[in-house]
Amino acid sequence: MLPGDGVGPELMHAVKEVFKAGNVPVVFDEHHLSEVQNTASEEKLDRVVDSMKESKVALIGKIHTPMEYKGDLASYDMRLSPTHSGIPGFPARVSQGLPGAGEFGEYLGIRSRLHAKGVIECLKIITRAKSQRIAKFAFDYATKKGRAKVTAVHKANIMKLGDGLFLQCCKEVAELYPKIKFDTMIIDNCCMQLVQNPYQFDVLVMPNLYGNIVDNLAAGLVGGAGVVPGESYSA
């Protein structure tokens, strides 16, 4: 159990009270890992990972990343991300969104201060290899789950080269799956359509930043982040 930050400790306390009231035979190995409370270290992270490997199950509160993050690219929260959470049988109006493969796009973390005062440069990196990989994952997912359509979400009308490459890769992969319908949608319109008519969507595939925006919007449609399952995958 990692209480984390914000409302996390309060929620975890409630979990323990419920388990106690129900006489659930579970012993929690509790770890306090927080970057904003200065209780995070590589040593603590190693202990947490060892505990997770032993117990196979972890309850994790939100571990906030400081706004002015000065550590490595991967925050402690990201490094604990290979986890699975799901609520079987929960009826959702929108299928799972699939944010980008690996850390790319704006999330690559390549940023610098330019010589001009008050100007920051943040690079968005899109690669053919990772675009093809996440597109293939989306179509494989749709095939295995019996889904009918994959929608690639993008902003290629403005970012013609970066998002254009991502979109082109999705189109190329789509040709290998003739039984799965493929369409595209600009991120702005996608957010509006999700609110007005979410039933038109099935599987969505997009770079990281759009994925984070869309999955929070989708969560709001079905009751909030607490009732939406999520999965993180390695290569």
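Since this is a predicted model, take the numbers as computed values, not measurements.

Draft legend 1. Summary view of the overall build of the chain. When you go through the chain residue by residue, the secondary structure sums to seven helices and eight strands. Relative to its 235 residues, the chain shows a buried fraction of 31%. Nonlocal contacts in the chain, meaning residues at least 24 apart in sequence, comprise 71% of its contacts between residues at least 6 apart. Put simply, the chain shows about 14,400 Å² of open surface, and 57% of that area lies on carbon and sulfur atoms.

Draft legend 2. The packing of aromatic side chains, seen in detail. Applying the stated rule across the entire model yields four aromatic pairs. Taking 6.4 Å as the distance between ring centres and 20° as the angle between the ring planes, the aromatic pair formed by Phe 137 and Tyr 141 counts as stacked. Highlighted residues: Phe 137 and Tyr 141, both in helix H4 (residues 128-145), separated by four residues, approximately one helical turn. Judged by relative accessible area, which is 27%, Phe 137 ranks as partly exposed. Note on Phe 139 and Phe 182: the rings are 6.0 Å apart at their centroids and 45° apart in plane angle, and the pair reads as tilted. Of the two residues, Phe 139 is situated in helix H4 and Phe 182 in strand E6 (residues 181-186); the sequence distance between them amounts to 43 residues. Every member of this aromatic cluster is reached through a ring pair, and the members are Phe 139, Tyr 177 and Phe 182.

Draft legend 3. Main features of the pairing of E6. Pairing of strand E5 (residues 149-154) with E6, which is carried by six bridges, proceeds in the parallel orientation. Within E6, the residue paired with Ala 152 across the bridge is Thr 184. Chirality of the crossover, the property in question, places the unit of E5, helix H5 (residues 162-174) and E6 among those that are right-handed.

Draft legend 4. Quick peek at the pairing of E5. Among the six residues that make up E5, six are buried, leaving the element largely enclosed by the rest of the structure. Of the two faces of E5, both are covered, the one formed by Lys 149, Thr 151 and Val 153 as well as the one formed by Val 150, Ala 152 and His 154.

Draft legend 5. How the structure looks around helix H6 (residues 187-196). When we look at burial in H6, the residues that qualify are Ile 187, Cys 190, Gln 193 and Leu 194. Seen end-on, H6 carries its buried residues on one side only, within an arc spanning 115°.

Draft legend 6. Region of interest: the pattern of salt bridges. Applying the stated rule across the entire model yields eight salt bridges. Here Asp 183 ties to Lys 149 by a salt bridge, and the two come within 3.7 Å at their closest N and O atoms. Placement of the pair is Asp 183 in strand E6 and Lys 149 in strand E5, with a sequence separation of 34 residues. Of the residues examined, Lys 149 reaches a relative accessible area of 13% and is grouped as buried. Taking the shortest distance from any N to any O, the salt bridge between Asp 188 and Lys 155 comes out at 2.8 Å.

Draft legend 7. Up close: the nonpolar core. Among the nonpolar cores identified, the biggest contains 19 residues, and Phe 139, Val 150, Phe 166, Cys 170, Ile 180, Val 203 and Val 205 are the most heavily contacted of them. If you list the elements that add at least two residues to this core, you get H4, E5, H5 and strand E7 (203-205). If we skip the residues at most four places from it in the chain, Val 150 touches Ala 138, Phe 139, Ala 142, Ile 180, Lys 181, Phe 182, Asp 183, Val 203 and Val 205. Counting ten residues, the second largest nonpolar core, distinct from the first, contains Met 185, Phe 201, Tyr 210 and Val 214.

Draft legend 8. The arrangement of a negative patch on the surface in detail. On the surface, Asp 29, Asp 46, Asp 50 and Glu 54 cluster together to form a negatively charged patch. Secondary-structure assignment places Asp 46 in helix H2 (residues 42-55). Overall, the relative accessible area of 44% leaves Asp 46 in the partly exposed class.

Draft legend 9. Broad picture of the packing of H6 against helix H7 (residues 208-221). Where H6 contacts H7, the axes come no closer than 10 Å and their chain directions differ by 10°. Of the possible angle classes, the one that applies to H6 and H7 is roughly parallel. The residues of H7 that touch H6, namely those facing Ile 187, Cys 190, Cys 191, Leu 194 and Val 195, are Tyr 210, Ile 213, Val 214, Leu 217 and Leu 221. A class-by-class count of the residues in the contact of H6 with H7 yields ten nonpolar, no polar and no charged.

Draft legend 10. Structural view of the side chain of Thr 151. With respect to the helices and strands, the residue Thr 151 is situated in strand E5. Dropping the residues within four chain positions of it, Thr 151 is found in contact with Asp 183, Thr 184, Met 185, Phe 201, Val 203, Leu 204 and Val 205.

Analysis parameters
- Residues numbered from 1 in each chain as written.
- Predicted model: local features only at pLDDT ≥ 70, side-chain atom pairs only at ≥ 80, totals over all residues.
- Heavy atoms only, no water.
- Helix = DSSP H or I, 4+ residues; strand = E, 2+ residues; numbered from the N terminus.
- Buried < 20%, exposed > 50% of the residue type's maximum accessible area, 1.4 Å probe, protein only.
- Contact = heavy atoms within 4.5 Å.
- Areas by Shrake-Rupley, 256 points an atom, 1.4 Å probe, with all protein chains shown as cover.
- Phe/Tyr/Trp six-rings, centres within 6.5 Å; stacked < 30°, edge-to-face > 60°.
- Pairing = 2+ DSSP bridges.
- Right-handed = clockwise from strand over helix to strand, strands pointing away.
- Arc of directions from axis to C-beta.
- Salt bridge = Lys/Arg side-chain N within 4 Å of Asp/Glu carboxyl O.
- Core = buried A, V, L, I, M, F, W, Y, C linked by side-chain atoms within 4.5 Å.
- Patch = residues over 30% accessible without salt bridge, like charges linked within 9 Å, V, L, I, M, F, W, Y side chains within 5 Å.
- Lys, Arg positive; Asp, Glu negative; His and termini not counted.
- Charge placed at Lys NZ, Arg CZ, Asp CG, Glu CD.
- Axes fitted to C-alpha atoms, helices over the stretch in contact; angles between N-to-C directions.
- Parallel < 35°, antiparallel > 145°, perpendicular 65-115°, else oblique.
- Nonpolar A, V, L, I, M, F, W, Y, C, P; charged D, E, K, R; others polar.

These figures capture arrangement, not role.
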